[in-house]
Each structure stands twice: as C-alpha cells, then as structure tokens.
Amino acid sequence: MSPSVRPASPTAPPPDDPGWAPRDPTLPAAPHDRARRRKRPRASLPRRLLRAATWLFLIGALLLAAALTAGYLLVSIPAANAAAVAQSNLYLYRDGSVLARDGEVNRENVRLDRIPPTVRQAVLAAEDRDFHTSRAVDPKAMVRAAWNTVTGKGRQSGSTITQQYVKNYYLGQEQTLTRKAKEFFIAIKLEREKTKDDILQGYLNTSYFGRNAYGIQAAAHAYYGKDVERLGTAEGAYLAALLKAPSAYDVTTHPENRPAVLARWAYVLDGMVKEGWLTPGERAALRFPDPETARPATGLSGQRGYLVQAVEDHLTGRGIVDEKTLAGGGFRIVTTLDPDRQAALVRAVEDRVTRRLDPAANPADRYVRAGAAAVEPATGRVVALYGGVDYTRQYVNNATRRDYQVGSTFKPFVLTAAVQSGARTQHGEPITPYTVYDGTDRRPVEGWSGAPYDPANEDGESYGEIPVTAATDLSVNTVYAQMAVDVGPAHVRRTAVALGLPATTPDLTASPSIALGPATASVLDMAQAYATLAAHGRRGDHTLVTAVSRDGEPLPLPAAEPRQAVGREAADTTTAVLRGVVESGTGTAAQAAGRPAAGKTGTAEDDKAAWFAGYTPELATVVALMGQDPETGGQEPLYGALGLPRVNGGGPPAEIWARFTREALADTPVRDFDLRPMPGAELPDVPPTPDEPARPEDATEDSGEDGRENGTEGDAEGSRENGTEGDADGERYEPGEAGPGPAQPGRPATPLKPGKPGGPGRQ
C-alpha cells in the first residue's frame, strides 16, 4: 500500500455512507453535532467580565485619545482677559512713597529679574516645588486633589503654577468643567511656546495677594511698603503663604488666624530647606515679619486726584506719552512732589482758609476756591500743589486752571522787561527802581498810539510824583501802565513768556493794560515765572516728573537744561524791589515766614481772585483764592468771604504763603538773597510818600477790553492779521507801538476814540 494512502479507520463509515455527504444547511443538525456542542465548556463569569472590561477600556482609551486630540486641536491660546492686563498707573512721591493709583486694579508688572531669588523660591515652595522639572499638567495631582475633595479631606487644587497662570491670565476664576478643560489644553500648549521663566513671571504678576493687590510688586507695597527688590526671605515667604487664602491670612485684619498663618509660613520655609534653597541655619534665624497695618485703597480723593491730573497733563502735554497709551495703564511715574511739603501746603490752606469757611452762616464762603503751587528755583521741580478742597467734590484743578486774571502779580514782569531792555521814560530817563513817575489816578498813558487808556488806581487814589519802588509797594496802576508803554507792551509780553508764562496764555495781549494783569495764567505758570526771578533769571522749565517706566522699561524724558531767560541784573533788580513789598508794602503778612522774602500781591477784576506770589532763595510759591459759584461755575466776587469786607492778596493768600514757607523750609538754614542789581538799585529803599502810608490791602483791576484786543498773537514770521503787525520774535503789537525794546521819548498820547473804555480798573 502506498505510504501516501491512509488506511481507513475501522470505525469510519464507508465512502458511500450518507454521513459523509455534505451537510445541507437547511436541515437540522445531526444528533451527534448537538452533543459535540453541548460538551464545549463555557467561559466563567469573571472571565466574561474581564473580557468586557478590556473591550470597554480599549474603546474608552480610543475615545479619550480622540477627545484629547480634538481638544488640543480645537482649543487655542486666547488673548489675555481684560482683568489680567488691566493695570493702574502708579504715581510716587519723589522719595518713592506711593502718591496714588489712578485705576481700580492695583497691579504693577515687574520683570522676573527684579524679584529676589528667595522670593521666587518661596512661591515655588508654597505652590509648585517641581515647577522647573515637571510638566505643565500633573494628572496625578489632579486626581489626588479630586479624591481629597470628594472624601472630605478639604478642597484642594491640583493645578500646577502653569495652570494657575492660565486661569489668571487667559481665563477666569469660575469653577466649571468647561473652564477646567480649557485650562488643561491651554497649559499644555503654553508650555510649548513659553519658557518656565516666562510662565513664572506671568504667574507672579497676575496672582492675587489680598488688599486689592494683584501681582508681587503691588503686594510688596501693600504689606511692607517697599518695592519687590527690597523684600527679604521671610517677607517673601509670608507673601507666598498668602496665595492660599489671601484675606484669611492677613494677620492685621484677622489676628485670630495668626496660628494658621504662622504654620503656613513655616511650611513655605521648610519646603525651601527641603529643596535646598535655604540652609537649616538660615531658616532658624528667620523671624515672622509682621506686615504693615492694612490701609484703605489709595484712590483719587483729597489732593491726590489734582496731583495725578497735573502729572498726566504734564506727560501728555510734553509728548512724553500720548493720552491713549497712558490710559492703558502700567506706568510707574516718579514725581517731583515732596510728601512733607505737600502736607505742609494742605495744612496751610486748611488753617488760613478752609477751617474759617462757614457757608451756612456766610453765603459768600460758598464761592471760595484755593489754588497753590511751589517750585524749587534751582531745579524747576514742582514740590507741592494744592488743587482744591477734594478732587471728588471739586473736579477743576485750581493749581492749573487758566481762567482767572493774575492781577498785579504781573507787574514785576514789566519792571524786569524795563531793566532787561534798558528802557527809558517818555522824557528820556532810564527806568530804575528810583525813577519817578506820575501816579495820578486815571492819568492817560503817553506814547501809545492805540486806543486811549487811563487806568484807575485802587479807590481812585492819586499819588502824584512817586518812585518805582514805592509804586510797586503800593501797586499803583497808572505808573505801571505808563511803564509798559515806555518798555513796549510786546517786549513786556516776550519777557513774561521768557520767565515762564505759556505763550498761549489767554489775554496775554501786548497793550498797556498788560501791566495790570488781565492775562489768565495758572497758579503753576506764575510759580514758574517767579521761580525764574528767584534763580537770578535762570529758568529751568518746571517739571513734575523725574522718571517714567512701563514694565520696567524707562521712557526718555525731555532734557530740561536751565537757561538764562533774562539777565541776572534784570532779575535781581526786580527781586530787590519786591523785597520792599514784603517789608513795607501790600505783602507784609509774608514776613511771618521768618525769612528774607520777595513777593507781590494781586487782585483780579471785581475782586474775583486774590493772589500772592512770593519767593525765598530756596522756594517760589504762588497762592490764589478764586470766587466761583459751585452751581453755575461762574466767577463771583469774594466780597465778604471769610468774614472780610474784601479779600486781597495781602490777606489770606499771603498768610497761606507765610505759613507754608515757614514749615516747608523749617529744616533748612536761613539764606539771604545774593543780588547783583542794576547800578543805582542798591540805594536805600525809598518809603511811600508821607501822605500815602502803605496799606495792607491790594486793589482790584478791571480787565477792560484794551487787554483783549485784536484776537490772537502772530506767528514767528510776524503775521499781519486783523490790522496788527508782528515783530521778529513772533509777538504782535499795535501799529505805532514801541514793539521790542524801549519806547521813544516824547510820543504824544492818541486822542480818545469812541467805543473804547478807559481800561482796567483799580489796583
């Protein structure tokens, strides 16, 4: 038998057995087939469950992978939320203490390199010790936190610092599954796009530390009153501890929580030791650093709003930063303002004015508004401003507004211009402090080819022949109106601008009335001009800012090199004459400062404002009281205010000046003026005429229309507009006026023209 042929099984059916035939599927199974199937063993229940679980796991894994992939692809990194990027502008006094913040969000972003390493490490020890080595998301920590929350071990966060930063910066604080899912995917993507240092910096600048402080820099100031760079390890550990429960862990507001705070603080420090960031010896030497007492949020009430407004106007007006960018926030602005002198100025106003007001008993007291500004002559730095009783109650800043006449505080600029230009009278005599003028009331000016002008003296007083020194002490209008013509009103105007008044000052018109102060310069403008006189004619443009930065990057500030605005001889001659105003003229109340001083009083038309502008060698300060209806905003006379028949510059304004100056300079030695006046000016003072003793009151001036003629000033080419002519410096002057330089002697007065009033009123 062939080996390839298998022998038939003895039990096998023969080939022609019907059992070998192919089975018809339509027929029922043969009995032996059913028996064979019944004998096959079935899987146990546990095995069936395991098999089902395996399939479910595989399907779930596939679905999870698909969901993760879809989530990663669909969830993109959004723009920062508005709250995360919102920053207030931080304004600091010159000594670095906080002046104000101009927004609701207390945040100042800082670079990571400004934050001390131990402070950074303290935060990592408190929140995420494996931050630098772990991934953006820690699934185990998330599961553990969820389990602890479910089992009642306390609500915990399994988020890494990266996830917390995503929540702070890109999302929000709502507790929803949607937000958590977005946080998860954004954190993964963010780690691919940013470095660990970038993420840590963002986290430290967006985290909330309590006391309305967002970010580590704001927290450093809120709790310890210092910049983040100056924080020590113990202080940094306390701020890090706050991140868990900012309000509850503030030991000054919740002293009952002190044990929990100390435990959390110790936990942070122990973690630093465990991570090798702190030695056990260093840890043992640390003591808990009690924070400062919590203070109300620094807003813009009181003087702060006025100061911020003035600083912002300074920044935008000088092109340092545009208004829109400044409004975006995030600026750190160091001002020139001195906190002690600022406080002294506020006290002086309150003592001499605010506390004496009784609107209920005296309706005129409703109109009283005060403004003041103090400038260092040597630097031009503004050290103090008083803008009003409260920024939230009186919005207009009385220190910077330009709508009240400056009155006779303008007269010194006429004398300065006369000496500067070597001007002569109509009779050819040089103008010196002892030049004699005719002080007769309503005497028409001579040598003026414009409209006739015959100003009145205060109360119609006539002084006859009177020297310039006495005319300054008594503020004789007719003398100074004539002197303005002798010098040339356009030259007077140029001198005022050179000293510090803006060329755009309203009503700074080159006409004889310019001498009596119809111009409406601000208190700060006048302080700048008087500071130039105090600095011997050397002008350093006044400034309110010493440094500006944003996100640690400094902004360039315009150079402010002092320059000689007018000759020293002219400035010092004016100072010598103004000393007489304080010693024996209308400004004797300023003697209470207890220092050598020079100054000038002034009163606006109808007694709507009273001024005192004065200076010592160290400080120039201008004070003004203004009358304004609180309901209509209209200017009102100050008659009867403060219980006085009239409010003059030699009264409350000079008193405020004296008190402030005495206190502001209390810690500095007394200095006398080092003057080099013009030849002849050093002669002994000439007292007022015997029959006209010095009066303690200033007079008023009516602006008249002559000080407002012919529209606006011309341009640098000397434009010819509205019938006027321009000079080489761009100053306009009337046809036939002396223009720049002294007037020619002997020029006759122009006959009176109909329709033109006699001119400003009294002083």
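The rules behind the values
- Residues numbered from 1 in each chain as written.
- Predicted model: local features only at pLDDT ≥ 70, side-chain atom pairs only at ≥ 80, totals over all residues.
- Heavy atoms only, no water.
- Helix = DSSP H or I, 4+ residues; strand = E, 2+ residues; numbered from the N terminus.
- Buried < 20%, exposed > 50% of the residue type's maximum accessible area, 1.4 Å probe, protein only.
- Contact = heavy atoms within 4.5 Å.
- Areas by Shrake-Rupley, 256 points an atom, 1.4 Å probe, with all protein chains shown as cover.
- Core = buried A, V, L, I, M, F, W, Y, C linked by side-chain atoms within 4.5 Å.
- Salt bridge = Lys/Arg side-chain N within 4 Å of Asp/Glu carboxyl O.
- Phe/Tyr/Trp six-rings, centres within 6.5 Å; stacked < 30°, edge-to-face > 60°.
- Lys NZ or Arg CZ within 6 Å of the ring centre and 35° of its normal.
- Pairing = 2+ DSSP bridges.
- Axes fitted to C-alpha atoms, helices over the stretch in contact; angles between N-to-C directions.
- pLDDT = per-residue confidence, 0-100.
- Left-handed = near helix turned anticlockwise from the far one by under 90°.
- Nonpolar A, V, L, I, M, F, W, Y, C, P; charged D, E, K, R; others polar.
- Parallel < 35°, antiparallel > 145°, perpendicular 65-115°, else oblique.
- Expected span 1.5 Å × (residues − 1).
- Lys, Arg positive; Asp, Glu negative; His and termini not counted.
- Polar contact = N/O pair within 3.5 Å; in protein donor to acceptor, adjacent residues only side chain to side chain.
- Patch = residues over 30% accessible without salt bridge, like charges linked within 9 Å, V, L, I, M, F, W, Y side chains within 5 Å.

**Some points on the overall build of the protein**
From N to C terminus, the protein includes 22 helices and 18 strands. By the burial criterion, 51% of the 763 residues in the protein qualify as buried. Summarising the internal contacts of the protein: among those between residues at least 6 apart in sequence, 73% fall at separations of at least 24. Accessible surface, the protein as shown: approximately 34000 Å² in total, 55% of it carbon and sulfur.

**Some thoughts on the nonpolar core**
Here is a general trend for soluble globular proteins: nonpolar side chains tend to be buried in one another's company. Formed by 91 residues in total, the largest nonpolar core has its most connected members in Phe410, Phe413 and Met483. By residue number, the principal contributor to this core is helix H20 (residues 523-534), which donates nine residues. If we skip the residues at most four places from it in the chain, Phe410 touches Val492, Ala496, Leu501, Leu508, Ile514, Ala515, Gly517 and Met526. Grouped together as the second largest cluster of nonpolar side chains are 47 residues, Ile115, Val119, Ala234 and Phe288 included.

**Digging into the pattern of salt bridges**
Counted according to the given criterion, the structure contains 34 salt bridges. For the salt bridge of Arg595 with Glu618, the shortest nitrogen-to-oxygen distance reads 3.7 Å. You can see Arg595 sitting in the loop between helix H21 (568-584) and strand E14 (598-603) and its partner Glu618 sitting in the loop between strand E15 (609-615) and strand E16 (620-627), a full 23 residues away along the chain. Three or more residues are tied together by salt bridges with common partners; here these are Asp351, Arg352, Arg356, Glu655 and Arg659.

**Points about the packing of aromatic side chains**
In the structure shown here, the tally under the stated rule is twelve aromatic pairs. Measuring from ring centre to ring centre gives 5.4 Å for Trp265 and Phe288, while their planes differ by 90°; the resulting arrangement is edge-to-face. Here Trp265, found in helix H11 (residues 258-274), pairs with Phe288, found in the loop between helix H12 (280-285) and helix H13 (304-317); they are 23 residues apart in sequence, far enough to count as distant. Relative to Trp657, the ring of Phe612 has its centre 5.5 Å away and its plane inclined at 70°; by these criteria the two rings are edge-to-face. Residue Phe612 is found in strand E15, and its partner Trp657 is found in helix H22 (residues 652-664); the two are separated by 45 residues along the sequence. Taken together, the ring pairs in this structure connect Tyr223, Tyr224, Tyr238, Trp265 and Phe288 into an aromatic cluster. The ring of Tyr267 has Arg129 sitting right over it, with the charged end atom 4.6 Å from the ring centre.

**A look at the sheet that holds E16**
Here five strands make up an open sheet; going across it, the order is E7-E6-E16-E15-E14 and the pairing antiparallel. Whereas interior strands pair on both sides, the edge strands pair on one side only; in this sheet they are strand E7 (382-386) and E14. Sheet twist, expressed as the mean angle between neighbouring strand axes with direction ignored, is 5°. For strand E6 (residues 368-375) and E7, the ladder comprises four bridges, and the chain directions are antiparallel. When the bridges of E7 are listed, Ala372 appears paired with Tyr386. Strands E6, E7, E14, E15 and E16 of the sheet are contacted by H20, whose axis makes an angle of about 35° with E6.

**Observations regarding the pairing of E6**
Along any regular strand, the residues point their side chains to alternate faces of the sheet. Where burial is concerned, most of E6 is hidden: eight out of the eight residues are buried. Burial of the side chains of E6 extends over both faces: Val368, Ala370, Ala372 and Ala374 are buried on one face and Arg369, Gly371, Ala373 and Val375 on the other. Hairpin connection from E6 to E7: six residues lie between these consecutive antiparallel strands, with Gly380 at a positive phi of about 80°.

**Concerning the confidence of the model for the protein**
On average, residues of the protein carry a pLDDT of 81, and 74% of them reach 70 or more. Below pLDDT 50 for its whole length, residues 1-6 participates in zero contacts with residues either more than four positions away or in separate chains. Low pLDDT, under 50, characterises residues 683-763; the stretch is placed with 247 contacts to residues that sit more than four places away or in other chains.

**Description of the packing of helix H10 (residues 233-242) against H11**
Axis separation between H10 and H11 bottoms out at 9 Å; the angle between their running directions is 115°. Once H10 is placed against H11, the crossing between them reads as right-handed. For the pair formed by H10 and H11, the contact residues are Thr233, Ala234, Ala237, Tyr238, Ala240 and Ala241 on the first element and Val261, Arg264, Trp265, Val268, Leu269 and Met272 on the second. Per-class residue counts for the contact of H10 with H11 are ten nonpolar, one polar and one charged.

**Remarks on the environment of Thr661**
Assignment of secondary structure puts Thr661 in helix H22. In this structure Thr661 touches Ala593 and Thr616, once residues within four positions along its chain are discounted.

**Quick word on the packing of helix H4 (residues 117-127) against helix H8 (residues 196-206)**
Orientation of H4 relative to H8, taken along the N-to-C sense of each, is 85°, at an axis distance of 12 Å. For the element pair H4 / H8, the angle class is roughly perpendicular. Contacts between H4 and H8 involve Arg120, Val123, Leu124 and Glu127 from the former and Leu200, Tyr203 and Leu204 from the latter. In the contact of H4 with H8, the residues fall into five nonpolar, no polar and two charged.

**A closer look at H11**
The end-to-end C-alpha distance of H11 is 24 Å, a good match for the 24 Å that 17 residues give at a rise of 1.5 Å each. For H11, every residue scored as buried is listed here: Val261, Arg264, Trp265, Ala266, Val268, Leu269, Gly271 and Met272. In the segment just after H11, Gly276 is the residue with positive phi, at about 80°.

**Some thoughts on the sheet that holds strand E1 (residues 90-92)**
Judged by pairing direction, the sheet is mixed, and its five strands sit side by side in the order E2-E1-E5-E11-E12 without closing on themselves. The open sheet is flanked by strand E2 (98-101) and strand E12 (553-554), the only strands paired with a single partner. Strand contacts of H13: E1, E2, strand E5 (331-335) and strand E11 (545-550), with the helix running at about 80° to E2, the strand carrying the most contacts.

**Let's talk about the side chain of Asp128**
Within the secondary structure, Asp128 sits in the loop between H4 and helix H5 (139-150). Despite its burial, Asp128 pairs with no opposite charge; the closest candidate is Lys196, at 6.4 Å N-O. If sequence neighbours within four positions are ignored, Asp128 has contacts with Val123, Ser134, Thr160 and Ile161.

**Remarks on the side chain of Thr520**
Structurally, the position occupied by Thr520 is in the loop between helix H19 (489-499) and H20. Look at Thr520 and you get buried, because its relative accessible area is 7%. Here the side chain of Thr520 touches Arg402 through a polar contact of 3.4 Å, landing on its backbone oxygen. Excluding anything up to four places from it in sequence, Thr520 contacts Arg402, Asp403, Tyr404, Gln405, Thr505, Pro506 and Asp507.

**Focus: a nonpolar patch on the surface**
Taken together, Trp55, Phe57, Leu58 and Ile59 make up a surface patch of nonpolar side chains, about 470 Å² in accessible area. You can see Leu58 is positioned in helix H2 (residues 45-74). Here Leu58 falls in the partly exposed class, since its relative accessible area comes to 42%.

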